[in-house]
Amino acid sequence: MNLVLFLLAFYISIAAHEFGHYLSSKAFGVGVPTFCIGFGPTLFRFNASNTNFKFKLIPLGGYINNNPNELSSISIFKEWIIILSGVLVNFILLTASLSLFFNKSIPTVISILFTQILGPVASAYINPTSYFGANIALSSTVPSMLNNFTPNNFLL
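Residues numbered from 1 in each chain as written. Predicted model: local features only at pLDDT ≥ 70, side-chain atom pairs only at ≥ 80, totals over all residues. Heavy atoms only, no water.

Novice: Got a sec to walk through the overall build of the chain? Specific residues and values, please.
Specialist: Along its length, the chain carries 7 helices and 2 strands. Starting at the N terminus, the α and β elements of the chain follow one another as α-β-β-α-α-α-α-α-α. Buried positions account for 25% of the 156 residues belonging to the chain. Of the roughly 10500 Å² that the chain leaves accessible, carbon and sulfur atoms contribute 71%. (Helix = DSSP H or I, 4+ residues; strand = E, 2+ residues; numbered from the N terminus. Buried < 20%, exposed > 50% of the residue type's maximum accessible area, 1.4 Å probe, protein only. Areas by Shrake-Rupley, 256 points an atom, 1.4 Å probe, with all protein chains shown as cover.)

Novice: A description of the packing of aromatic side chains should follow, citing residues and the corresponding values.
Specialist: Following the criterion strictly, the structure yields 9 aromatic pairs and no others. Ring geometry for Phe-101 against Phe-102: centres 4.8 Å apart, planes inclined by 90°, an arrangement best described as edge-to-face. Across the pair, exposure class does not vary: Phe-101 and Phe-102 are exposed alike. Of the aromatic side chains, those joined through ring pairs into one cluster are Phe-19, Tyr-22, Phe-35, Phe-44, Phe-46, Phe-53 and Phe-55. (Phe/Tyr/Trp six-rings, centres within 6.5 Å; stacked < 30°, edge-to-face > 60°.)

Novice: Explain the side chain of Asn-52 to me, and be specific about the residues and the numbers.
Specialist: With respect to the secondary-structure elements, Asn-52 resides in strand β2 (residues 51-65). Exposure remark for Asn-52: the relative accessible area of 17% places this residue in the buried category.

Novice: Can you break down helix α3 (residues 76-102) residue by residue, with the values?
Specialist: For α3, built from 27 residues, the straight-helix expectation of 39 Å at 1.5 Å per residue is met to within 8% by its first-to-last C-alpha distance of 39 Å. Along its length, α3 shows its largest kink, about 40°, at Leu-84. Inspection of α3 places Ile-82, Ser-85, Gly-86, Thr-95 and Ser-99 among the buried residues, and these make up the whole buried set. Asn-103 sits one or two positions beyond α3 and adopts a positive phi of about 55°. (Expected span 1.5 Å × (residues − 1). Bend = angle between axes of the 7 residues up to and from the residue.)

Novice: Tell me about unusual backbone geometry, and please be specific about residues and values.
Specialist: The general pattern is negative phi for most residues beyond glycine and trans for most peptide bonds. The phi dihedral of Ser-49 falls on the positive side, at around 50°, and the residue is not glycine. With respect to the helices and strands, the residue Ser-49 is situated in the loop between β1 (34-48) and β2. Positioned with a positive phi, Asn-50 is a non-glycine residue whose angle comes to about 60°. Checked against the element boundaries, Asn-50 lands in the loop between β1 and β2.

Novice: How would you summarise the packing of helix α1 (residues 2-27) against α3 if you had to cite specific residues and measurements?
Specialist: Between α1 and α3, whose axes approach to 7 Å, the crossing angle comes to 135°. It follows that α1 is oblique to α3 by the angle criterion. Considering the relative orientation of α1 and α3, their crossing is right-handed. On α3, the residues touching Ser-13, Ala-16, His-17, Gly-20, His-21, Ser-24 and Ser-25 of α1 are Ile-81, Ile-82, Ile-83, Ser-85, Gly-86, Val-87, Val-89, Asn-90 and Leu-93. (Axes fitted to C-alpha atoms, helices over the stretch in contact; angles between N-to-C directions. Parallel < 35°, antiparallel > 145°, perpendicular 65-115°, else oblique. Left-handed = near helix turned anticlockwise from the far one by under 90°. Contact = heavy atoms within 4.5 Å.)

Structural data, given as structure tokens:
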């Protein structure tokens, strides 16, 4: 049962991310011929709003295809909004989920995310001396990276 819930959570997370790209594309008048969640054999598909929606067996990613002619006719600013909208949807869902789970307000959760989680984690991973050390030797880099990469970091 846990595996089913885990796979369902993956599907929902990937679908939400791709839906962010899809909605922003549609908002800017860019066609989306294909919206796909997962890889491998197709479980089911349907057509709606001039888009072929596909759901595949292995939920390890997804994609949307934009109409290239329409995409090239919009500004670079709008393209970046389309590109970043998937991550924005994931951040919104993360914030809402944590707010509900811990019974905290959205501003409190956002503050905790940036000050107590994302800031320290980012600074630890961005700081090259965390991995390379003072002498930047490759022989010490790989073990250091593996030691710092825990399952909790992966899930985060």
